[in-house]
Each structure stands twice: as C-alpha cells, then as structure tokens.
Amino acid sequence: MLRTVWALVIATVVFSDVGRAVAAGSLDKSLMKLDPVERAHQACVIKGLEMVRRGGDKRLAKADRIQPDTFKRAQFDGSVVTAKGAAVRANKHWYALSFECQVSDDQMKALAFTFKLGNEIPPETWEEVGLWQ
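J.: For the packing of aromatic side chains, give the residues involved together with the corresponding values.
T.: Counting across every chain of the model gives three aromatic pairs. Where Phe113 meets Phe115, the ring centres are 6.2 Å apart and the plane angle is 40°; that geometry is what we call tilted. Residue classification places Phe113 among the buried positions, given a relative accessible area of 6%. Accessibility expressed as a relative area gives 30% for Phe115, which makes it partly exposed. Taken together, the aromatic side chains of Phe99, Phe113 and Phe115 make up a single cluster linked through ring pairs.

J.: Could you give me a rundown of the state of the cysteines, with the residues and numbers involved?
T.: Tallying each qualifying case throughout the model produces one disulfide. With its sulfur 2.1 Å from that of its partner, Cys44 forms a disulfide with Cys101. On the sign convention where negative means left-handed, the S-S torsion of about -95° between Cys44 and Cys101 marks this disulfide as left-handed. Of this pair, Cys44 sits in helix H3 (residues 36-53) while Cys101 sits in strand E4 (residues 93-103), placing them 57 residues apart in sequence. In this structure Cys44 comes out as buried when scored by relative accessible area, which is 0%.

J.: Please give an account of unusual backbone geometry that cites residues and values.
T.: For residues that are not glycine, phi is negative in most cases, and the peptide bond is trans in most cases. At Lys92, a residue that is not glycine, the phi angle is positive and equals roughly 65°. As for its placement among the helices and strands, Lys92 is situated in the loop between strand E3 (80-90) and E4. Of note in this structure, Gln107 is not a glycine but carries a positive phi near 60°. Among the structural elements, Gln107 can be located in the loop between E4 and strand E5 (110-120). Of the residues examined, Gln107 reaches a relative accessible area of 9% and is grouped as buried.

J.: Run through H3, naming residues and quoting values.
T.: For H3, built from 18 residues, the straight-helix expectation of 26 Å at 1.5 Å per residue is met to within 8% by its first-to-last C-alpha distance of 26 Å. Restricting attention to buried positions, one finds in H3 the residues Glu38, Arg39, Ala40, His41, Gln42, Ala43, Cys44, Val45, Gly48, Leu49 and Val52. Structurally, the start of H3 carries an N-cap: the backbone nitrogen of Val37 is 3.0 Å from a side-chain oxygen of Asp35.

J.: Describe the layout of surface pockets, with residues and values.
T.: As a volume, the largest pocket reaches approximately 280 Å³. What lines the largest pocket is a set of twelve residues, among which Ala43, Ile46, Lys47, Glu50 and Lys109 lie closest to the centre. Listing elements by their share of the lining of the largest pocket, those giving two or more residues are helix H2 (20-32) and H3. At six residues, H3 tops the list of elements feeding residues into the lining of the largest pocket. Split into classes, the residues belonging to the lining of the largest pocket amount to eight nonpolar, no polar and four charged.

About the cut-offs
Residues numbered from 1 in each chain as written. Predicted model: local features only at pLDDT ≥ 70, side-chain atom pairs only at ≥ 80, totals over all residues. Heavy atoms only, no water. Phe/Tyr/Trp six-rings, centres within 6.5 Å; stacked < 30°, edge-to-face > 60°. Buried < 20%, exposed > 50% of the residue type's maximum accessible area, 1.4 Å probe, protein only. Disulfide = S-S within 2.5 Å. Helix = DSSP H or I, 4+ residues; strand = E, 2+ residues; numbered from the N terminus. Expected span 1.5 Å × (residues − 1). Polar contact = N/O pair within 3.5 Å; in protein donor to acceptor, adjacent residues only side chain to side chain. 1 Å grid on protein atoms, 1.4 Å probe; cavity = no way out; pocket = protein on both sides within 12 Å on 5 of 7 lines; lining within 4 Å. Points joined across faces, edges and corners; volume = space filled by probe spheres on them. Nonpolar A, V, L, I, M, F, W, Y, C, P; charged D, E, K, R; others polar.

Structure representation (structure tokens):
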C-alpha cells in the first residue's frame, strides 16, 4: 500500500508545466488521504527531490526518488521529519542520505529541507534494504 501511495505522489509531481495546476490539486487530494506522519514524510520527499537536484552535486541533478526509511525509520515530532537512514536515487545509482525537514502545521508542505549526502550504496545490497534499479 505504501509503495502504491509513493508511486501516486511521485507520478503527480512529474507532470508537465501544462498540467501543473491539475497536478497540484491531485497531489493535495492524495496527501490528504494519508495519516499525518506519512503525509509529512511525503511532503519532505517532494521538497527533498527539488533540493537535492539543485544542491550543486552533479550526480544528483536527475534525482528521481528519495526513500526516507531505507536503513532506519524516519522520525516525526509534529513539525520536523528527521531521516538518518534515507537514500536518494539518481541515474540508476543510490546514495545514502540524511535529512531534516520542517513541515507546515497541516503536514501538507515542507517549509525547509536540509540534507547531507553519504556514500553510494552498493547494488549488491539494494534488495536487502528494499531498493531497486
């Protein structure tokens, strides 16, 4: 179920400029169906993709996935999601990622996102931790 929601959220984010307004409405509807913790995680994933793409590391310019719970469950305290065991995928490579993300009171929007990129995750460990190509 969680992976289905992930796919829906990511698919909604990838719409073209023409469909951006429609995508925003669909994204909001999709997020509202989630419990507050998962909604906060997803809002952070959306903001996180934008931030890591613009973060200056050329390896991440085409990042297309963030998994906040790869090595350790991300924590949510009501306004901040802290992920010390996340991963980000770019160009068919996965990298370890840690991030902290401040969300709005309704968990619909990430207000701030800071991250630290770790080492590349070896492909032979992907299946074990739930990653894919």
